[in-house]
Amino acid sequence: MLFPDTPAVWSVAQLSRYLKELLETDEVGREVWVRGEISGCKTYASGHCYFTLKDAEAQLLCVFFKHARQRTAAPELRDGLAIAAGGRISFYERDGKLQLYVEQVELLGEGALYLRFEQLKARLAAEGLFEAERKRPLPPAPQVVGIVTSLQAAALRDMLRVLRTRYPLARVVLAPTLVQGAEAPAAIVRALDLLNEHGEAEVIIVARGGGSIEELWAFNEEIVARAIARSRIPVISGVGHETDVTIADFVADLRASTPTAAATAAVPNLADWRAALQERRQELALLLDDFLLRYREDLERAERELARQSPRSRLERLQQQLDGISETLQSEMQHTLVVQRERLKGTALRLHSLSPLLTLARGFAVVRRAEDQRLVTSIQQVQLGERLDIQVADGRISARVDRQ
Amino acid sequence: MEGLPTLSYEDAYEKLEQTVAALQDGHLSLEEALAYYEEGMKLARYCHTLLEKAELRVQQLRVTDEGELEIEPLDLA
């Protein structure tokens, strides 16, 4: 008997209180971790979350109060999530419900994996492992391609087919590995290190076909991420299907969505090279044609030049020059004569206009002393009775000074 | 043409581009132009042959018991 003074017929309240105390003092009831799947999850405006934790055979009502959720930074809860909930059992008398009062929640299964993924991703990103500057350029035409994948997988056959079609000039060096399971991460790391040690590969493809998050998990492991980061040879990741993203994809120098896409990205397409080769051949032929044409033209020009320089043609040229000059000479002469004649005419006219005879014709006379024929231009130059010669237009008059 | 059998595709193609460039430059005598043309065509034929005859080689790396790296041809069943 746990409690003294218990009645023979209990009231509901009494029994409820009893059960509550029973549970709250019990060792397991005080602190227990329970795992199961969430269903009927409902969060109220108050911030309190109510859900049922169930498994194949039973179910348990749970309540996760806001303050506990915030205190433990609990992950978001939703139906279907597999969790482990830690807390205490009690009996809610009002509703007659046995409940787990949840203090903490941990994700299990896929949920746990997603959490680990996010945490590792955040940590490596903070270290700068995903930085764009870290990513190395891929060689445009690698002669040796390294592949890290499973020997049995279809992914390998698919990649070899792509490489054979696109770029058979390459040589493939395979470092086989496990791609899932507990030993896979270490095996992938070993394969990467092996290819780096061998050193001939110019690019490495790390690949695995599609699968669940658990099956792809090896490519989310930290050691694999670090092996890709420290690889001296650039790495292309081709893991899973288009929508699968792993940590390896973030660290790799190039992420391809699938193994086939990775092989396509690793090598150029020979079809393009054939086309370029054809263009070069055509260019060569055209250039040579150009050259020959130019040489022929040069030759013809030289021939013409030669013909121009022959003695006969020089003579003809000189003759022509001579004719040209005489013609010029003649016309020049003509021109000069005309000019001179005109000048003469002009001068004669001017002379005529200045002639003293014209002045005489207007009525003026030229007076001279008869004795010495000196011109008289002033009354001082004559004396009374002196004889003068007066020249008028049509002759001379002899005269004597009468009066001054 | 010396050393042609061992020339990689890239190296041969690059030499081909160089002969084209030389011819484009134009400052060549007729003799030189003809020589470059011939060399260019030889290189083009060589490249073409490489492409036609290429076969993907596949090898596998492994570590021997003595810890040495070994490489051998891979035969996928």
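For the structure itself, look to the data block above.
Residues numbered from 1 in each chain as written. Chains lettered and ligands numbered in written order. Predicted model: local features only at pLDDT ≥ 70, side-chain atom pairs only at ≥ 80, totals over all residues. Heavy atoms only, no water.

Draft legend 1. Here's a closer look at the overall build of chain B. If you tally the helices and strands in chain B, you get 2 helices and 2 strands. Listing every helix and strand of chain B by position from the N terminus yields α-α-β-β. Relative to its full complement of 77 residues, chain B shows a buried share of 36%. Looking at chain B alone, contacts between residues at least 24 apart form 45% of all its contacts between residues at least 6 apart. (Helix = DSSP H or I, 4+ residues; strand = E, 2+ residues; numbered from the N terminus. Buried < 20%, exposed > 50% of the residue type's maximum accessible area, 1.4 Å probe, protein only. Contact = heavy atoms within 4.5 Å.)

Draft legend 2. Structural context of helix α2 (residues 30-53) of chain B. Between its first and last C-alpha atoms α2(B) spans 35 Å; for 24 residues at 1.5 Å apiece the expected length is 34 Å, and the two agree. For α2(B), every residue scored as buried is listed here: B:Ala33, B:Gly40, B:Met41, B:Leu43, B:Ala44, B:Tyr46, B:Cys47 and B:Leu51. (Expected span 1.5 Å × (residues − 1).)

Draft legend 3. The arrangement of the sheet that holds strand β11 (residues 366-369) of chain A in detail. All names here are of chain A. Read from one edge of the open sheet, 3 strands run β11-β12-β13, paired in antiparallel fashion. Strands with a single pairing partner mark the edges of an open sheet, and in this sheet they are β11 and β13 (395-400). On average, each strand axis in the sheet is tilted by 25° relative to the strand beside it, whichever way the strands run. Here β11 runs beside strand β12 (residues 387-392); their pairing, made up of 4 bridges, is antiparallel. Bridging from a neighbouring strand, Val-366 pairs with Gln-391 of β12. (Pairing = 2+ DSSP bridges. Axes fitted to C-alpha atoms, helices over the stretch in contact; angles between N-to-C directions.)

Draft legend 4. The arrangement of the interface of chain B and chain A in detail. Of the residues lining the interface, 41 residues belong to chain B; the matching set on chain A comes to 37 residues. Across the chain B/chain A interface, buried area totals approximately 3600 Å², and carbon plus sulfur atoms make up 72% of it. Together, B:Leu51, B:Leu56 and B:Leu61 form the three largest contributors to the area buried by chain B at its contact with chain A, with a combined 19%. One can count 1 salt bridge joining chain B with chain A. (Buried area = accessible area lost by both parts, 1.4 Å probe. Salt bridge = Lys/Arg side-chain N within 4 Å of Asp/Glu carboxyl O.)

Draft legend 5. Just the sheet that holds strand β5 (residues 97-107) of chain A, in detail. All names here are of chain A. Read around the closed barrel, the 5 strands follow the order β1-β2-β3-β5-β4; overall the barrel is mixed. On average, adjacent strands in this sheet sit at an angle of 55° to one another, irrespective of strand direction. Where strand β1 (residues 32-43) and strand β2 (residues 49-54) come together, 5 bridges link them in antiparallel fashion. Note that in β2 the partner of Ile-38 across the bridge is Leu-53. Most of the contacts of helix α1 (residues 12-25) go to strand β4 (residues 82-92), to which it runs at about 135°, and overall it touches β4 and β5.

Draft legend 6. A look at the side chain of A:Asn220. All names here are of chain A. Its place among the elements puts Asn-220 in the loop between β8 (203-208) and α7 (222-230). Residue Asn-220 is classed as buried on the basis of its relative accessible area, which comes to 5%. At a separation of 2.8 Å, a polar atom in the side chain of Asn-220 contacts the main-chain amide nitrogen of Ile-247. Apart from the residues within four sequence positions on either side, Asn-220 is in contact with Phe-117, Leu-120, Thr-246 and Ile-247. (Polar contact = N/O pair within 3.5 Å; in protein donor to acceptor, adjacent residues only side chain to side chain.)

Draft legend 7. Region of the structure containing helix α10 (residues 270-309) of chain A. Helix length check: α10(A) (40 residues) gives 59 Å between terminal C-alpha atoms against 58 Å at 1.5 Å per residue, within 8%. Listed in full, the buried residues belonging to α10(A) are A:Leu270, A:Trp273, A:Ala276, A:Leu277, A:Arg280, A:Leu284, A:Leu287, A:Leu288 and A:Phe291. Tucked inside the fold, the buried residues of α10(A) contact α5 (154-166) of chain A together with α1 (9-25) and α2 of chain B.

Draft legend 8. Fine view of the nonpolar core. Ranked by size, the top nonpolar core spans 45 residues in total, and within it A:Ile147 and A:Ile205 carry the most contacts. Counting only elements with at least two residues in this core, the list comes to β6 (144-149), α5, β7 (171-176), β8, α9 (259-266) and α10 of chain A together with α1 and α2 of chain B. Composition of this core by domain shows at least three residues from each of domain 2 (116-268) and domain 3 (271-309) of chain A. When residues no more than four places from it in sequence are discounted, the contact partners of A:Ile147 are A:Leu156, A:Met159, A:Leu163, A:Val172, A:Val173, A:Leu174, A:Ala175, A:Leu195 and A:Ile205. A:Val179, A:Leu216, A:Val235 and A:Ala248 belong to the second largest nonpolar core, which has 39 residues in total. (Core = buried A, V, L, I, M, F, W, Y, C linked by side-chain atoms within 4.5 Å. Domains from an automatic or database assignment.)

Draft legend 9. Fine view of the packing of aromatic side chains. Here the structure, examined in full by the defined rule, presents 8 aromatic pairs over all chains. Centroid distance A:Trp273 to B:Tyr9: 4.7 Å. Interplanar angle 20°. Geometry classified as stacked. One end of the pair, A:Trp273, is in helix α10; the other, B:Tyr9, is in helix α1, on a second chain. Each member of the pair A:Trp273 and B:Tyr9 is classed as buried. Through successive ring pairs, a cluster of aromatic residues spans A:Tyr167, A:Trp273, B:Tyr9 and B:Tyr13. (Phe/Tyr/Trp six-rings, centres within 6.5 Å; stacked < 30°, edge-to-face > 60°.)

Draft legend 10. The arrangement of the pairing of β2(A) in detail. Where β1(A) folds back onto β2(A) in an antiparallel hairpin, the turn is made up of 5 residues, including A:Gly47, whose phi is positive at roughly 95°. Connecting β2(A) to the next strand, strand β3 (residues 59-64) of chain A, in antiparallel fashion are 4 residues.

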